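The primary structure of each chain is shown beneath.
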Amino acid sequence: MLELTNLYKTFNAGTVNEKTAINGLNLNLAPGDFVTVIGGNGAGKSTMLNLIAGVFPVDSGAIRLNGFNLTGLPEHKRARFLGRVFQDPMMGTAATMGIEENLALAYRRGKTRGLGSGITNPERTVFREKLETLGLGLEDRMTSKVGLLSGGQRQALTLLMATLQKPDLLLLDEHTAALDPKTADKVLQITDEIVARDNLTTLMVTHNMKNAIQYGNRLIMMDAGRVVVDIQGEEKKNLTVRDLLEKFNIENDRMLLSE
């Protein structure tokens, strides 16, 4: 499904601020893999997602999705293959537009648009049914402005928008890090349900090792721009936070506090 082959990315090359963010990264995902990604600050987690999404060009290496070479494709042309949710709940939605208007934009992504821009009744039915699955009561507030929603409600809506047209690959970049623990747990539960229901191939970057162990069928740890630990199957099911700490000397305070 996803093949990252010998990826390299250096920022500010040739200057005093030169930083190698991705250093010979290789990673393959099978269809339906739900992979959680952990690692210290500067390990290359978010850079990897940005390279896949086309935010930054790679220095060398190849990115393939379903056998199609994305490496030279600009970001806007990759968007129809990818769903993405960011750490900031304010990203991914239009605050001044209503819930149903935001969903309509996501629903029509990649489709030919005619002269009629209004939301149809069949579309409203689809949106209501999808919103009901979130269990947040948003189906009764479809005309409300998104800017009036809480961070958790907005992040859940962004997740729904990212998966409304089933993406080939779902990218989650610490999408619960800015939420309080209770709300984060709810959004993670919704994430797990959507990924399982639609069998979505997913990469979820997280700083929380408990969440990395609890969710998904596979866990990878990154350091210095490459994968240093790759655990799946029964080994992952029996994993503990202490096991992870012993496998790799993590000195990132933020991660340790997430035990």
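Higher on the page you've got the structure.
Conventions we followed
Residues numbered from 1 in each chain as written. Predicted model: local features only at pLDDT ≥ 70, side-chain atom pairs only at ≥ 80, totals over all residues. Heavy atoms only, no water. Axes fitted to C-alpha atoms, helices over the stretch in contact; angles between N-to-C directions. Helix = DSSP H or I, 4+ residues; strand = E, 2+ residues; numbered from the N terminus. Parallel < 35°, antiparallel > 145°, perpendicular 65-115°, else oblique. Contact = heavy atoms within 4.5 Å. Nonpolar A, V, L, I, M, F, W, Y, C, P; charged D, E, K, R; others polar. Buried < 20%, exposed > 50% of the residue type's maximum accessible area, 1.4 Å probe, protein only. Pairing = 2+ DSSP bridges.

A word on the packing of helix α3 (residues 99-107) against helix α4 (residues 121-132)
Relative placement of two packed helices is described by the angle separating their axes and the distance separating the axes.
Point 1. At a closest axis distance of 10 Å, the pairing of α3 and α4 adopts a crossing angle of 105°. The angle between α3 and α4 falls in the class roughly perpendicular. Contacts between α3 and α4 pair Ile 99, Glu 100, Leu 103, Ala 104 and Tyr 107 from the former with Glu 123, Arg 124, Val 126, Phe 127 and Leu 131 from the latter.
Point 2. Among the residues making up the contact of α3 with α4, the classes are represented as seven nonpolar, no polar and three charged.

Quick notes on α3
Point 1. Within the span of α3, buried status applies to Ile 99, Glu 100, Asn 102, Leu 103, Ala 104 and Ala 106.
Point 2. Against the buried residues of α3 lie α4 and α5 (151-164).

Considerations on the environment of Val 85
Point 1. In this structure, Val 85 sits in strand β6 (residues 82-85).
Point 2. Linking Val 85 and Leu 157, residues 72 residues apart in sequence, is a C-alpha distance of 10.0 Å.
Point 3. Here Val 85 is in contact with Gln 155, Thr 158, Leu 159, Ala 162, Leu 171, Leu 172, Asp 173 and His 175, once residues within four sequence places are set aside.

What about the sheet that holds strand β4 (residues 60-65)?
Point 1. Pairing in this open sheet of four strands is antiparallel, and the strands run β2-β1-β4-β5 from one edge to the other. Of all the strands in the sheet, just β2 (19-29) and β5 (68-69) have a single pairing partner and so form its edges.
Point 2. In terms of strand pairing, β4 meets β5 through two bridges, oriented antiparallel. Paired with Leu 65 across the two strands is Phe 68, which belongs to β5.
Point 3. Contacts from helix α1 (residues 45-53) reach β1 (2-11), β2 and β4, with the element oriented near 110° to β1.

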